[in-house]
Amino acid sequence: DWDPASDSDGSGSCFLTMNQLGNTDVDAGAVQLTSPLLDLSGGGVEVRYDYYLNMNNPAGVDRLLVEISPNGAAGPWTQVALHGTDGGLAWRSHAITEADITTAGVSLTSAMALRFIANDSDPQSIVEAGLDAFRVVTTACCAGGGTTYCAPKTNACGVGALAFSGLPSASA
């Protein structure tokens, strides 16, 4: 079995490369999922998500690539994360920090976008990928009683719906 038994966060839905029984993976190419525009210009941000990556050739070039653009879908796109290890039937969590973004040479803007690309390159193999629990978290710092403390809070502006391109995608 190559597909997860359920989504990662218990909501009942996730993005998945073809949600059917059996080997319905990415074949001979790539499928991508793109976020809506995200306003990260205020700084103190972290992008968090759960991902699923089940592969039978992890030593190859198959992978789940994560790229970011400071100019929405117009690009340029810069790699900020690369998932290339087989996780079997498990969902895994990942966070992209503000430092990860700036280290990649990308400035934070009010028109950021992320895209996730699941790739199956030669030789052909099984690559099942999924994304769930996508959120942007900001750090709010407050002064209280002579002490400054910071705590994460979910972006109040909301994330919106993710869009996909390519053939396989469905909800679980």
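This structure is a prediction, so every number in the text was calculated from the model and none was measured.

Of note, R115 is situated in strand 7 (residues 113–120). The class for R115 is buried, based on a relative accessible area of 17%. Contact partners of R115, with chain neighbours within four places excluded, come to Q32, L33, T34, L65, V66, E67 and W77.

Turning next to the pattern of salt bridges. With the rule as written, the count across this model stands at 2 salt bridges. For R48, the salt bridge is made with E46, and the minimal N-O distance between the two is 2.5 Å. Put simply, R115 and E67 hold a salt bridge, and the shortest N to O gap is 2.6 Å. With R115 in strand 7 and E67 in strand 4 (residues 63–69), this residue pair connects regions lying 48 residues apart in the sequence.

This part covers the nonpolar core. L40, Y49, I96 and F116 are the most contacted members of the largest nonpolar core, which totals 29 residues. Taken together, the elements giving at least two residues each to this core come down to strand 2 (29–34), strand 3 (45–55), strand 4, strand 5 (78–83), strand 7 and strand 8 (127–144). The element that contributes the greatest number of residues to this core is strand 3, accounting for 6 residues. Leave out the neighbours within four places in its chain, and I96 touches E46, V47, Y49, V66, V80, A81, I101 and L114.

Right, let's get into the confidence of the model for the protein chain. Parts of the prediction with low pLDDT should not have their coordinates interpreted in detail. Scored by pLDDT, the protein chain has a mean of 81; 76% of the residues are at 70 or more. In this model, residues 154–172 is a region of pLDDT below 50 whose contacts with residues beyond four sequence positions or in other chains number 46 contacts.

Turning to the side chain of H83, a few remarks are in order. Note on placement: H83 falls in strand 5. A relative accessible area of 5% places H83 in the buried class. Contacts of H83, omitting those with residues within four sequence positions, involve Y49, Y51, L53, R63, L64, V66 and H94.

At the junction of G75 and P76, the peptide bond is cis and its omega measures out at 5° in the coordinates. Note on placement: P76 falls in the loop between strand 4 and strand 5.

Working definition: an aromatic ring pair is given by the centre-to-centre distance plus the angle between the planes. Under the counting rule described, the total for this entry stands at 4 aromatic pairs. Between Y49 and F116, the aromatic rings sit 5.0 Å apart at their centres with planes inclined by 80°, giving edge-to-face as the arrangement. Here F116 lies in strand 7 and Y49 lies in strand 3, a separation of 67 residues in the sequence. Each member of the pair Y49 and F116 is classed as buried. Here a set of aromatic residues connected by ring pairs shows up, and it is made of Y49, Y51, F116 and F134.

Our focus in this paragraph is the environment of L16. Tracing the sequence through the fold places L16 in strand 1 (residues 15–16). Under the relative-accessibility criterion, L16 is labelled buried at 3%.

This part takes up the environment of D25. Considering the arrangement of structural elements, one finds D25 in the loop between strand 1 and strand 2. In this structure D25 comes out as buried when scored by relative accessible area, which is 6%. As for D25 and A129, which are separated by 104 residues in sequence, their C-alpha atoms are 7.8 Å apart. Those residues in contact with D25 that lie beyond four places of it in its chain are D120, S125, I126, V127 and E128.

Parameters and conventions
- Residues numbered from 1 in each chain as written.
- Predicted model: local features only at pLDDT ≥ 70, side-chain atom pairs only at ≥ 80, totals over all residues.
- Heavy atoms only, no water.
- Helix = DSSP H or I, 4+ residues; strand = E, 2+ residues; numbered from the N terminus.
- Buried < 20%, exposed > 50% of the residue type's maximum accessible area, 1.4 Å probe, protein only.
- Contact = heavy atoms within 4.5 Å.
- Salt bridge = Lys/Arg side-chain N within 4 Å of Asp/Glu carboxyl O.
- Core = buried A, V, L, I, M, F, W, Y, C linked by side-chain atoms within 4.5 Å.
- pLDDT = per-residue confidence, 0-100.
- Phe/Tyr/Trp six-rings, centres within 6.5 Å; stacked < 30°, edge-to-face > 60°.

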